[in-house]
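Analysis of the macromolecular model
The primary structure of each chain is shown beneath.
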Amino acid sequence: MNSIDDMTFYLAAFVDELVKSGLEDAVVSPGSRSTPIALLLAEHPDIHVTVLIDERSAAFYALGLAKTKNKPVAILCTSGTAATNYYPAIVEAFQSRLPLIVLTADRPHELRDVGAPQAIDQVKMYGDYVKWFVEMSLPEDTDHMIRYARTMAARATGTSLSAPMGPVHLNFPLREPLIPNLEAEELWAKYKESNESIVEVNVGEYSISDDQAGFFAMLMNDRKKGIIVCGEMPQSMCDTFSNAITELSQTLQYPIFADPLSGLRTGTHAKETVMEGYDAFLRSDEVKKNLEPEIIIRFGAMPVSKFLMQYISKSSSAIQIVVDGDGGWRDPTLQASYMVHAEETIFCHKVMRNLSARDSFEWMDGIKLLNDRTKKILSHEQEEVGMFEGRVITELQTMLPDSSAIFVGNSMPIRDVDTFFYTDDKKLTVLANRGANGIDGVVSTALAASKAYENLVLVIGDLSFYHDMNGLLAAKLLKLNVTIVLVNNNGGGIFSFLPQSKVEKHFETLFGTPTGINFEHAVKLYEGDYVRAESWSDFQEAVSYSITQKGLKVIEVPTNRAENEEIHRKLWKNVSQEMISMLDKEE
């Protein structure tokens, strides 16, 4: 047997087993050393291969596929610095619990650490940001080694999907020649006796016993002043969880502080107990003093709101139950009394069996009044100003059709969604890269996510857009349909709200970082449609047109950083004053 056959059947067995273990998509960046794996991925009839040149963009694109499909996605690159460009997306996938299968080609062992070109140390190069790493053996065409290749593929997909989900890394040392024999007989089935996977990895769910459910129900029954906090939840479970958690909330008469990424703010489920104005009204110390909970029950990732997290952190006398269906540890406040590893919907159903429904009472009614007044102030007063960034969110929520998606960039856009995105029977899915909260790769992730929705709008700031302009190539090459609302305040708007904004001497140079880029040229480079919205009528017309058209559409909304900060602070101040006035009247 020659070396070409060794490589061909070994790698073909690996690729075929990925498919049998559930892989459907691979995102490949071109390179020489990865040639045999790339050719075999493209040759397999059951794998959809997307080719993206920039490895950083490719990895974030794959992350977007994994986010919306809830299935593992493979990424493949050649050796050397190509693999290092995957790092930001791998970190995001790990933090966001998304299943990526990272395949890196490498020089064989004899060409390492001897000055060979395009050779770096790729062994465990992603450190603790992958759940599992394996240095694959050199290819051999024997029954034992073919079984090894298949086993590693099954293990990779199974590990990426096991709780908590996340990326895995397989490094392939390969010798030349690098062209596999795609005409070989039994290319996908050599040494196999059936079409079944060689080893099936079954991923179960965490649960709780009846006794444990009864115990947690007792804690809740004994306490009337409770808060339910819901952060980002996997898209695959949003519908079932939404019904379960709102039923639990209504039974206990505990309000739900629902992060925009929780999926709870919009849809057909009951929303009478869903609160979305907490980021504004919890800025008041007086409100927080009057809302001292006896119990807090948390689901999902930590919410976007800094003020909600501070509220949780300072509620040290409250019993705090953190429910994590992936068996992780999400407690940056260090206030958890009970860390419960149980699938969230199962937890709700089991606890509810032991609860008796409560009538509405002062605790719930008071918080609901705070929430309603907060939304009224925010909604009314933002209509009185010009091109205010927060109004972008309310306009989109009104204009987008049912079952649309809003992908939100980090820094200011996600915070404006948290403040100005309200409950609605219309289903609008909100997506974001909130694992590591970075501004890189957002365009690429959103473009991949657009494949799952008839209408997807990305709301992104100018610096984040600049960070991933390379990602626009995917829209051109793959003919994707997406609208990008580019909120351009010519710099890092979020820094205007942080303490360093008071150091005026160096603020603009170090943090404001204006670029003065004319983004129309970048959009035209990738054959997209561009419009600049100078007024809200311009914006409404542009959005209405955009959602009826195919391809890449970019709507730039110019804003002023100083004015935007002033308006935000005025709105928050007005809310706080109204909340204090309400509390004074009650006393």
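Residues numbered from 1 in each chain as written. Predicted model: local features only at pLDDT ≥ 70, side-chain atom pairs only at ≥ 80, totals over all residues. Heavy atoms only, no water.

- With an unreviewed UniProt entry as reference, the protein chain is termed 2-succinyl-5-enolpyruvyl-6-hydroxy-3-cyclohexene-1-carboxylate synthase, source organism Sutcliffiella horikoshii.
- In UniProt, the protein chain has this text filed under Catalytic activity (unreviewed entry): "isochorismate + 2-oxoglutarate + H(+) = 5-enolpyruvoyl-6-hydroxy-2-succinyl-cyclohex-3-ene-1-carboxylate + CO2".
- UniProt's Subunit (unreviewed entry) comment on the protein chain is quoted here verbatim: "Homodimer." (UniProt positions renumbered as here; feature names shortened; annotations may be inferred.)

1. Details of the pairing of strand β3 (residues 73–77)
- Counted residue by residue, β3 has 5 buried out of 5 residues, so it is predominantly covered.
- Of the two faces of β3, the one carrying Val73, Ile75 and Cys77 and the one carrying Ala74 and Leu76 are both buried.
- Direction of pairing for strand β1 (residues 25–28) relative to β3: parallel, over a ladder of 4 bridges. Bridge pairing in β3 places Asp25 opposite Val73.
- For β3 and strand β4 (residues 100–106), the ladder comprises 5 bridges, and the chain directions are parallel. Bridging from a neighbouring strand, Leu76 pairs with Leu103 of β4. (Buried < 20%, exposed > 50% of the residue type's maximum accessible area, 1.4 Å probe, protein only. Helix = DSSP H or I, 4+ residues; strand = E, 2+ residues; numbered from the N terminus. Pairing = 2+ DSSP bridges.)

2. Describing the nonpolar core
- Counting 59 residues, the largest nonpolar core has Phe257, Phe281, Val392, Leu396 and Phe539 as its most contacted members.
- Here this core gets 7 residues from one element, more than from any other, and that element is helix α22 (residues 561–586).
- Counting only domains with at least three residues in this core, you end up with domain 2 (210–371) and domain 3 (389–558).
- With residues near it in sequence (within four places) discarded, Val392 still touches Val459, Val485, Val487, Trp536, Phe539 and Val557. (Core = buried A, V, L, I, M, F, W, Y, C linked by side-chain atoms within 4.5 Å. Domains from an automatic or database assignment. Contact = heavy atoms within 4.5 Å.)

3. What about the packing of helix α14 (residues 389–399) against helix α15 (residues 412–420)?
- Their axes nearest at 9 Å, the elements α14 and α15 cross at an angle of 60°. Judged on the interaxial angle alone, α15 and α14 are oblique. Between α14 and α15 lies a crossing of right-handed hand. Taking contact as the criterion, the partners of Glu389, Gly390, Ile393, Thr394 and Gln397 in α14 are, on α15, Met412, Asp416, Val417 and Phe420.
- Taken together, the residues of the contact of α14 with α15 break down into 4 nonpolar, 3 polar and 2 charged. (Axes fitted to C-alpha atoms, helices over the stretch in contact; angles between N-to-C directions. Parallel < 35°, antiparallel > 145°, perpendicular 65-115°, else oblique. Left-handed = near helix turned anticlockwise from the far one by under 90°. Nonpolar A, V, L, I, M, F, W, Y, C, P; charged D, E, K, R; others polar.)

4. Some words on the packing of aromatic side chains
- All chains considered together, the criterion is met by 16 aromatic pairs.
- Aromatic pair Phe216 and Phe347: ring centres 5.8 Å apart, planes at 55°, arrangement tilted. Placement of Phe216 in helix α7 (residues 210–221) and of Phe347 in helix α12 (residues 344–352) is noted, with a sequence separation of 131 residues between them. Here the two residues Phe216 and Phe347 agree in accessibility, since each one is buried.
- Pairing Phe257 with Tyr278 gives two aromatic rings, centres 5.4 Å apart and planes at 15°, and the pair type is stacked. Here the residue Phe257 occupies a position in strand β8 (residues 256–258), and Tyr278 occupies one in helix α9 (residues 278–281), the gap between them amounting to 21 residues. (Phe/Tyr/Trp six-rings, centres within 6.5 Å; stacked < 30°, edge-to-face > 60°.)

5. Some details on helix α2 (residues 35–43)
- Every buried residue belonging to α2 is among Thr35, Pro36, Ile37, Leu40 and Leu41, and all of these are buried.
- Looking at the buried side of α2, the elements it contacts are α1 (3–20), β1, β2 (48–51), β3, β4 and β6 (168–173).

6. What to know about the domain arrangement of the protein chain
- Along its sequence, the protein chain is carved into domain 1 (3–173), domain 2 (210–371) and domain 3 (389–558).
- Relative to domain 3, the C-alpha centre of domain 2 lies at a distance of 30 Å.
- Listed as interface residues are 16 residues of domain 2 and, on the opposing side, 20 residues of domain 3.
- Here domain 2 meets domain 3 over a buried area of about 1600 Å², counting both sides, of which 52% is carbon and sulfur.
- Counting every contact that joins domain 2 to domain 3 gives 2 salt bridges.
- Across the pair Asp418 and Arg265 runs a salt bridge, and its minimum N-O distance is 2.9 Å.
- Counting every contact that joins domain 2 to domain 3 gives 10 residue pairs in polar contact (both at pLDDT 80 or more).
- Residues that form the side of domain 2 that touches domain 3 fall into these classes: 5 nonpolar, 6 polar and 5 charged. (Buried area = accessible area lost by both parts, 1.4 Å probe. Salt bridge = Lys/Arg side-chain N within 4 Å of Asp/Glu carboxyl O. Polar contact = N/O pair within 3.5 Å; in protein donor to acceptor, adjacent residues only side chain to side chain.)

7. A few points about the sheet that holds strand β13 (residues 404–408)
- Reading across from one edge, β14-β13-β15-β16-β18-β17 is the order of the 6 strands in this open sheet, with parallel pairing throughout. Since the sheet does not close on itself, it has two edges, and those belong to β14 (428–432) and β17 (529–532), each with one partner. When strand polarity is set aside, the average angle formed by the axes of neighbouring strands in this sheet is 20°.
- Of the strand pairs in this sheet, β13 and β14 are connected by 5 bridges, and their pairing is parallel. Looking at β14, one finds that Ile406 is bridged to Val430.

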